[in-house]
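Here is what each chain is made of, one letter per residue.
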Amino acid sequence: QVQLVESGGGLVQPGGSLRLSCAASGSIFIIMYMGWYRQAPGKEREWVAAISRGGSSEYAYAVKGRFTISRDNGKNTVYLQMNSLRPEDTAVYYCAAARRNTYYPTDYWGQGTQVTVSS
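Residues numbered from 1 in each chain as written. Predicted model: local features only at pLDDT ≥ 70, side-chain atom pairs only at ≥ 80, totals over all residues. Heavy atoms only, no water.

> Let's hear about the nonpolar core: which residues, and what values?
Judged by nonpolar contacts, the single largest core of 34 residues is most densely connected at Leu4, Met34, Trp36, Leu80, Met82 and Tyr93. Elements with a contribution of two residues or more to this core: strand E1 (2-7), strand E3 (18-26), strand E4 (33-39), strand E5 (46-51), strand E7 (67-72), strand E8 (77-82), strand E9 (91-98) and strand E11 (113-117). Leave out the neighbours within four places in its chain, and tyrosine 93 touches Glu6, Leu20, Trp36, Tyr37, Arg38, Val48, Phe67, Leu80, Met82, Gly112, Thr113 and Val115. (Core = buried A, V, L, I, M, F, W, Y, C linked by side-chain atoms within 4.5 Å. Buried < 20%, exposed > 50% of the residue type's maximum accessible area, 1.4 Å probe, protein only. Helix = DSSP H or I, 4+ residues; strand = E, 2+ residues; numbered from the N terminus. Contact = heavy atoms within 4.5 Å.)

What follows is the structure, encoded as structure tokens:
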């Protein structure tokens, strides 16, 4: 089994930055891809970004150029650097991992961390 724990959420003003972290533990050797999703109030969960074990990444159009996903395999941690934040980025952000090669990981989930962008 794999456990994922997110951290780094909080309240930030529009235009500000936050960095989310997701630490993996357990059977981490089976993890191939990791990623982030988010769910805003009243909306469905949406995919944000994902990264392969080797560092290749993909982004949703809404965050491309503002968010950067990275991964430290030695620390079993994936990060999401969020810059130029907008009120519409407000959501609960979830970390996810996959046992196979997919930019849409859904095998394991974290508990989520709240990000609120407001003045």
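> A description of the sheet that holds E8 should follow, citing residues and the corresponding values.
Think of a sheet as strands paired side by side through backbone hydrogen bonds, with each pair either parallel or antiparallel. Judged by pairing direction, the sheet is antiparallel, and its 4 strands sit side by side in the order E1-E3-E8-E7 without closing on themselves. The sheet is open, and its two borders are formed by E1 and E7, each paired with just one other strand. Between one strand axis and the next, the sheet turns through 15 degrees on average, direction left out of account. Both E7 and E8 contribute to a ladder of 6 bridges, which runs antiparallel. In the strand pairing of E8, phenylalanine 67 is matched with methionine 82. (Pairing = 2+ DSSP bridges. Axes fitted to C-alpha atoms, helices over the stretch in contact; angles between N-to-C directions.)

> Explain the environment of alanine 40 residue by residue, including any values.
Assignment of secondary structure puts alanine 40 in the loop between E4 and E5. In this structure the C-alpha to C-alpha distance between alanine 40 and aspartate 89, which are 49 residues apart in sequence, comes to 8.0 Å. Sequence-distant contacts of alanine 40, that is, excluding residues within four places in its chain, are made with Thr90 and Ala91.

> Quick rundown of the packing of aromatic side chains? Include the residues and the values.
Aromatic ring pairs are reported here in terms of the distance separating the ring centres and the angle at which the planes meet. On inspection of all chains with the given rule, the structure shows 3 aromatic pairs. Ring geometry for tyrosine 33 against tyrosine 103: centres 5.0 Å apart, planes inclined by 80 degrees, an arrangement best described as edge-to-face. With tyrosine 33 in strand E4 and tyrosine 103 in the loop between E9 and strand E10 (108-109), this residue pair connects regions lying 70 residues apart in the sequence. Ring geometry for tyrosine 37 and tryptophan 109: centres 4.8 Å apart, planes at 55 degrees, overall tilted. Pair noted here: tyrosine 37 is in strand E4 and tryptophan 109 is in strand E10, with a separation of 72 residues, a long-range link. (Phe/Tyr/Trp six-rings, centres within 6.5 Å; stacked < 30°, edge-to-face > 60°.)

> Lay out the pairing of E4 with the relevant residues and their values.
Burial analysis of E4 places 6 of its 7 residues in the buried class, the great majority of the element. As judged from the 7 bridges shared by E4 and E9, these two strands associate in the antiparallel manner. Looking across to E9, one finds that glycine 35 is bridged to alanine 96. Of the pairings in the sheet, the one linking E4 to E5 comprises 5 bridges and is antiparallel in character. Looking at the pairing, tyrosine 37 lines up with tryptophan 47 of E5. Hairpin connection, E4 to E5: the antiparallel pair is bridged by 6 residues, and glycine 42 has positive phi, about 80 degrees.

> Break down the state of the cysteines for me, with residues and values.
Chemically, a disulfide is nothing more than a covalent bond linking the sulfur atoms of two cysteines. If you walk through the whole model with that rule in mind, you get 1 disulfide. Paired through a disulfide, cysteine 22 and cysteine 95 show a sulfur-sulfur distance of 2.1 Å. On the S-S bond that ties cysteine 22 to cysteine 95, the torsion sits near -80 degrees, and the link is left-handed. Taken together, the residues cysteine 22 in strand E3 and cysteine 95 in strand E9 connect sequence positions 73 residues apart. Cysteine 95 matches cysteine 22 in its accessibility class, with the two residues each being buried. (Disulfide = S-S within 2.5 Å.)

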